[in-house]
Amino acid sequence: MKIYQGFKHYLIEKKLWEVFIYLFFGGLATVVNIVTFLLAYQGFHLSWPISNTISWICSVLFAFVTNKIWVFQSKTEGVGALIWEFSKFLVARIISYGMDMACMYLLIDMLHTGNLIAKVITQVVVVIANYFFSKVFIFKKVELFEEEKTDSSPR
């Protein structure tokens, strides 16, 4: 535990903790995505587009929970705020799903790459895009100026 705390403290000082923890949970989401894809494609003999859609749904749900709680530590007040945050997350993930499907189509159907290799390559593109979407549009932290925090009187 002492090694973990030292490592975490070092990354926080270098302002790399958020990126590290995102990549950690992004890696786990990628594992969820690839395992469910292979299970659907090879285990249930579904087409690659159906298998990719199933894997996308599973990894999106996993990613929302982990990003909200552990990566960006987002706090929402009320069900409405949670629904709004999830809606933004879902829109961004739909965009990256389009990127995912386009890359899979290009790699599998056009370039005749193996399904697993295509899936791994595609996931690298998707993880990078999703970090950008999450950081900039979804879980952005709102910071108030010091005088706004202490003085809320109308001007």
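What you see is a predicted model; the values in this text were computed from it and never measured. Every residue gets a number counted from 1 within its own chain, in the order that chain's sequence is written. Local features in a predicted model are, by the rule used here, given only for residues with pLDDT of at least 70; side-chain atom pairs are given and counted only at 80 or more, and totals for whole chains, interfaces and linings are based on all residues. In computing side-chain values, all of the structure's heavy atoms are included and hydrogens and water are not.

*Asks:* What am I meant to see in the pattern of salt bridges here?
*Replies:* Oppositely charged side chains can form a pair if their charged atoms are brought close together. One speaks of a salt bridge when a side-chain nitrogen belonging to Lys or Arg is within 4 Å of a carboxyl oxygen belonging to Asp or Glu. Going through the model one piece at a time under the given rule, you end up with three salt bridges. Salt-bridge contacts for Glu18 lead to Lys135; the nearest nitrogen and oxygen are separated by 2.6 Å. You can see Glu18 sitting in helix 2 (residues 17–43) and its partner Lys135 sitting in helix 5 (residues 115–138), a full 117 residues away along the chain. Judged by its relative accessible area of 17%, Glu18 falls in the buried class. Comment: elements are numbered from the N terminus, with helices defined as DSSP H or I runs of at least four residues and strands as E runs of at least two. Each residue gets one of three labels from its accessible area relative to the maximum for its type: buried under 20%, exposed over 50%, partly exposed in between, using a 1.4 Å probe on protein chains only.

*Asks:* Just to check I follow, could you spell out the nonpolar core for this structure?
*Replies:* Grouped burial of nonpolar side chains is what soluble globular proteins tend to show. For our purposes a nonpolar core is just a set of buried Ala, Val, Leu, Ile, Met, Phe, Trp, Tyr and Cys residues, chained together by side-chain atoms within 4.5 Å. By size, the foremost hydrophobic cluster in this structure holds 27 residues, and its most contacted members are Trp48, Val71, Phe89, Met104, Ile138 and Phe139. Going through the elements one at a time, helix 2, helix 3 (48–71), helix 4 (78–110) and helix 5 are the ones with two or more residues in this core. Throughout, a residue-residue contact means that at least one pair of heavy atoms, one from each residue, lies within 4.5 Å. Apart from the residues lying within four places of it in its own chain, the contact partners of Phe139 are Phe64, Asn67, Lys68, Phe72, Ser74, Glu85, Phe89 and Ser134.

*Asks:* Looking at this model, I keep getting lost on helix 2. Mind explaining?
*Replies:* Residue pairs spaced three or four apart in an α-helix point in one direction, given the helix's 3.6 residues per turn. Along its 27 residues, helix 2 runs 37 Å from first to last C-alpha, staying within 8% of the 39 Å computed at 1.5 Å per residue. Positive backbone phi, approximately 55 degrees, marks His45, located one or two places after helix 2. Take the residue count of a helix, subtract one, and multiply by 1.5 Å to get its expected span.

*Asks:* What's the story with a nonpolar patch on the surface in this structure? I'm lost.
*Replies:* Patches were defined on residues exceeding 30% relative accessible area and lacking a salt bridge, with like-charge contacts within 9 Å and nonpolar side-chain contacts (Val, Leu, Ile, Met, Phe, Trp, Tyr) within 5 Å. Note on areas: Shrake-Rupley with a 1.4 Å probe; residue coverage comes only from the protein chains shown. Taken together, the side chains of Leu39, Phe44, Leu46, Ile50 and Ile54 present a nonpolar region at the surface, about 460 Å² in accessible area. With respect to the helices and strands, the residue Leu46 is situated in the loop between helix 2 and helix 3. For Leu46, a relative accessible area of 32% gives the class partly exposed.

*Asks:* It is not clear to me how the packing of aromatic side chains should be interpreted in this structure. Could you clarify?
*Replies:* One pair of aromatic rings is described through two measures. These are the centre distance and the angle between the planes. The pairing test for Phe, Tyr and Trp rings, Trp by its six-membered ring, is centres within 6.5 Å, and the orientation test on the planes gives stacked under 30 degrees, edge-to-face over 60, and tilted for anything in between. Per the stated rule, a full pass over the model turns up 17 aromatic pairs. Ring centres of Phe25 and Trp70 lie 5.5 Å apart, and the angle between their planes is 15 degrees; on these two criteria the pair is classed as stacked. Of this pair, Phe25 sits in helix 2 while Trp70 sits in helix 3, and the two are 45 residues apart along the sequence. With a relative accessible area of 45%, Trp70 lands in the partly exposed category. Arranged with centres 5.1 Å apart and planes meeting at 65 degrees, the rings of Phe64 and Phe89 form a pair that is edge-to-face. Residue Phe64 is found in helix 3, and its partner Phe89 is found in helix 4; the two are separated by 25 residues along the sequence. Under the relative-accessibility criterion, Phe89 is labelled buried at 0%.

*Asks:* Would you take a moment to explain the packing of helix 4 against helix 5 for this structure?
*Replies:* If you want to describe how two helices pack, look at the angle between their axes and the distance between the axes. Here the axes come from fitting lines to C-alpha atoms, over the contacting stretch only for helices, and the angles between their N-to-C directions go from 0 to 180 degrees. Contact pair helix 4 / helix 5: the axes reach a minimum separation of 9 Å and the direction vectors enclose 155 degrees. Classed by the angle they form, the pair helix 4 and helix 5 counts as roughly antiparallel. Where helix 4 crosses over helix 5, the handedness of that crossing is right-handed. Considered class by class, the residues forming the contact of helix 4 with helix 5 number 16 nonpolar, six polar and five charged. Each angle gets one of four labels, with under 35 degrees taken as roughly parallel, over 145 as roughly antiparallel, 65 to 115 as roughly perpendicular, and the rest as oblique. By convention, the crossing between two helices is left-handed when the near helix turns anticlockwise from the far helix through less than a right angle, and right-handed when the turn is clockwise. Gly is placed with the polar residues, together with every amino acid not listed as nonpolar (Ala, Val, Leu, Ile, Met, Phe, Trp, Tyr, Cys and Pro) or charged (Asp, Glu, Lys and Arg).

*Asks:* Could you clarify how one ought to interpret helix 3 in this entry?
*Replies:* End to end, helix 3 covers just 30 Å across 24 residues, shorter than the expected 34 Å (1.5 Å per residue, more than 12% under). Backbone geometry just downstream of helix 3 places Gln73 in the positive-phi region, at approximately 45 degrees.

*Asks:* Can you walk me through unusual backbone geometry in this structure?
*Replies:* With glycine set apart, most residues show a phi of negative sign, and most peptide bonds adopt trans. Here the phi dihedral of His45 falls at roughly 55 degrees; this positive angle occurs in a residue that is not glycine. Here His45 is to be found in the loop between helix 2 and helix 3. Looking at His45, the relative accessible area reads 66%, which means it is exposed. The backbone of His112 shows a phi angle near 55 degrees, a positive value even though the residue is not glycine. For His112, the location among the structural elements is in the loop between helix 4 and helix 5. The class of His112 is exposed, set by a relative accessible area of 65%.

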